[in-house]
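# Examination of the molecular architecture
If you want the building blocks of each chain, they are given just below.
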Amino acid sequence: MWVKGDLHVHSHCCGDGTLSVADIVENSREYCDFIAISGHCRTPEFRRTENQYKEVVEARKKFDMPIFCTGEVEFPIPRHTMFITTPDDRELELLRLLVEKFCRRSGVEGLEAALAELRFVEENWKENCFMVFNHPNAPDVATSDLLALAESPVFRVLACVDRGERRAPQTWDVGGAWDELLSKGFRISARCGSDFHGHFTLGGHDYFPGEFVQDHLNVERCDYKSILNAYRNGNFFTTCGNLISNPEFSVTENNGIRQCRLAFDLNGEMEKVEVVSGGKTVAEFTDFSDRFEKTFSVPDGRYYRVRGTGKMQKRKYTDGEFEPLFLLNPIYF
């Protein structure tokens, strides 16, 4: 079954957040089947993360939905990353140890320190944790650094869209850093997130989690372990504006010829769909009906991914328009 959620959400336990964990969950249940509260996890403010954890524990008693507790840590490479595990596997201890040992604000900097952090998580949390690399274009992270980090089985997910309509070219663009990672054989997925701090109707500049961007996970059950495994294994797709639903994506090979089957339901007006392999667009479509369904040949490649854009839509709370989009995570060969 498909479930929707958001991993990048800030509560009032951050210095720049506005709502309690309970208020965020209450307002997001319309859009999300699961959520992660992901405050700013750093020195000297770890007490805020401890307060967040207490609120998450109480919210779990009140709401019948998975609520992960994580945090944006100050990664040794100048970027925010999130490490996500299940509630039964020392979730607060994970965050505390990362802050104590690897916080960039404490002077722990550089690629080697970042690799040491990933090894630490791998050794102590095994396969029950994964890292999301947030804001990869704020500014761009060196692709050579991303390639080194991708050697770790903990590094599983790159952000694409967050904080309203901020789109990361390293993830979105054809031939960008994500394509280079995939071309080298690394199995990295892409996701979107709200980066929620405060809602438009409450004087903020963000949508509620799941209201504007959505991760759609294919799981047997909507529980913590199934959600974690879906992210680790790339069993999800991501949308802005719920542009599509019910995607089917496969590539088969017969007599040396590869055939791609792509199908999905359209929830809005589509502009263009591209199939990408080897950092290039290998198929493109601009003709759509309510149900898109095509079978076509594609050249040999190590991976195939799909991205699409919809026609511009009016923003819900502010003036102007936005471009809906979707990304299907790769099929590997």
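The structure this text deals with has already been given above.
Computed from a prediction, not measured in an experiment: that's the story for all the values here. (Residues numbered from 1 in each chain as written. Predicted model: local features only at pLDDT ≥ 70, side-chain atom pairs only at ≥ 80, totals over all residues. Heavy atoms only, no water.)

### Notes on the overall build of the protein chain
Helix and strand content of the protein chain: 8 helices and 19 strands. Compactness check: the protein chain gives a C-alpha radius of gyration of 19 Å against a globular reference of 20 Å for 333 residues, within 12% of the reference. With the principal axes as the frame, the protein chain shows a C-alpha extent of 60 × 45 × 35 Å. Within the span of the protein chain, comprising 333 residues, buried residues form 56% of the whole. Long-range contacts, defined as pairs at least 24 residues apart, comprise 71% of the intrachain contacts of the protein chain with a sequence gap of at least 6. For the protein chain, the exposed surface amounts to about 13,600 Å²; the carbon and sulfur share of it is 44%. Charged side chains in the protein chain number 40 positive and 52 negative. The centres of these two groups are separated by 2 Å. (Helix = DSSP H or I, 4+ residues; strand = E, 2+ residues; numbered from the N terminus. Rg over C-alpha atoms; globule rule 2.2 N^0.38 Å. Buried < 20%, exposed > 50% of the residue type's maximum accessible area, 1.4 Å probe, protein only. Contact = heavy atoms within 4.5 Å. Areas by Shrake-Rupley, 256 points an atom, 1.4 Å probe, with all protein chains shown as cover. Lys, Arg positive; Asp, Glu negative; His and termini not counted. Charge placed at Lys NZ, Arg CZ, Asp CG, Glu CD.)

### Thoughts on helix α2 (residues 46–62)
Working note: α-helix, 3.6 residues per turn, so residues spaced by three or four point in the same direction. The first and last C-alpha atoms of α2 sit 25 Å apart over 17 residues, in line with the 24 Å expected at 1.5 Å per residue. Of all the residues in α2, the buried ones are Phe46, Thr49, Gln52, Val56 and Ala59. Taken down its axis, α2 places every buried residue within 120° of arc, on the same side. In α2, the exposed positions that point more than 90 degrees away from the buried face belong to Arg47, Lys54, Lys61 and Lys62. (Expected span 1.5 Å × (residues − 1). Arc of directions from axis to C-beta.)

### Brief notes about the packing of helix α3 (residues 91–102) against helix α4 (residues 111–125)
Where α3 meets α4, the axes come as close as 11 Å, and the angle between the chain directions of the two elements is 150°. When the interaxial angle is binned, α3 and α4 end up roughly antiparallel. In this structure, α3 crosses over α4, and the sense of that crossing is right-handed. In this structure, α3 contributes Glu93, Leu94, Leu97, Leu98, Lys101 and Phe102 to the contact, and α4 contributes Ala113, Ala116, Glu117, Phe120, Val121 and Trp125. Tallied by class, the residues present in the contact of α3 with α4 amount to 9 nonpolar, no polar and 3 charged. (Axes fitted to C-alpha atoms, helices over the stretch in contact; angles between N-to-C directions. Parallel < 35°, antiparallel > 145°, perpendicular 65-115°, else oblique. Left-handed = near helix turned anticlockwise from the far one by under 90°. Nonpolar A, V, L, I, M, F, W, Y, C, P; charged D, E, K, R; others polar.)

### Details of the pattern of salt bridges
Summed over all chains, the structure comprises 28 salt bridges. The shortest N-O distance in the salt bridge between Glu91 and Arg60 comes to 2.8 Å. Of this pair, Glu91 sits in helix α3 while Arg60 sits in helix α2, and the two are 31 residues apart along the sequence. With a relative accessible area of 3%, Glu91 lands in the buried category. The salt bridge involving Glu323 is made with Arg167; its shortest N-O contact spans 3.0 Å. Taken together, the positions of Glu323 in the loop between β18 (321–322) and β19 (325–332) and Arg167 in strand β7 (residues 166–167) put the pair 156 residues apart, joining distant regions of the chain. In this structure, a network of salt bridges that share partners links the residues Arg42, Glu45, Glu74, Arg104 and Arg105. (Salt bridge = Lys/Arg side-chain N within 4 Å of Asp/Glu carboxyl O.)

### Re the pairing of strand β4 (residues 79–85)
Within β4, 7 of the 7 residues are buried, which leaves the element mostly enclosed by the surrounding structure. Alternating residues of β4 divide into Arg79, Thr81, Phe83 and Thr85 and His80, Met82 and Ile84, and every residue in both groups is buried. With 4 bridges connecting them, strand β3 (residues 67–75) and β4 associate as antiparallel partners. Residue pairing for β4: Glu74 is matched across the bridge by His80. (Pairing = 2+ DSSP bridges.)

### Some points on helix α1 (residues 21–28)
Burial in α1 covers these residues: Val21, Ile24, Val25 and Ser28. Buried residues of α1, seen end-on, are gathered within an arc of 95° and therefore sit on one face of the element.

### Some details on the state of the cysteines
Taken as a whole and judged by the stated rule, the model has 0 disulfides. Considering cysteine sulfurs only, Cys160 is the nearest to Cys192, which forms no disulfide, with 5.2 Å between them. In this structure Cys192 comes out as buried when scored by relative accessible area, which is 1%. Looking at the unpaired Cys222, the closest cysteine sulfur is the one in Cys32, lying at 10 Å. Since its relative accessible area comes to 27%, Cys222 is described here as partly exposed. (Disulfide = S-S within 2.5 Å.)

### Thoughts on the side chain of His216
Within the secondary structure, His216 sits in strand β9 (residues 213–218). Polar side-chain contacts of His216 include one of 2.8 Å to the side chain of Thr239. With near-sequence residues (within four places) excluded, His216 lies in contact with Trp2, Val3, Lys4, Asn235, Phe236, Phe237, Thr238, Thr239 and Asn242. (Polar contact = N/O pair within 3.5 Å; in protein donor to acceptor, adjacent residues only side chain to side chain.)

### Some details on the pairing of β19
Counting buried positions along β19 yields 7 of 8 residues, so the element is predominantly enclosed. Note: strand β10 (residues 236–240) against β19, 4 bridges, orientation antiparallel. Looking at β19, one finds that Thr238 is bridged to Leu327. As judged from the 6 bridges shared by strand β16 (residues 303–310) and β19, these two strands associate in the antiparallel manner. In the sheet register, Thr309 faces β19, and the bridge partner there is Leu325.

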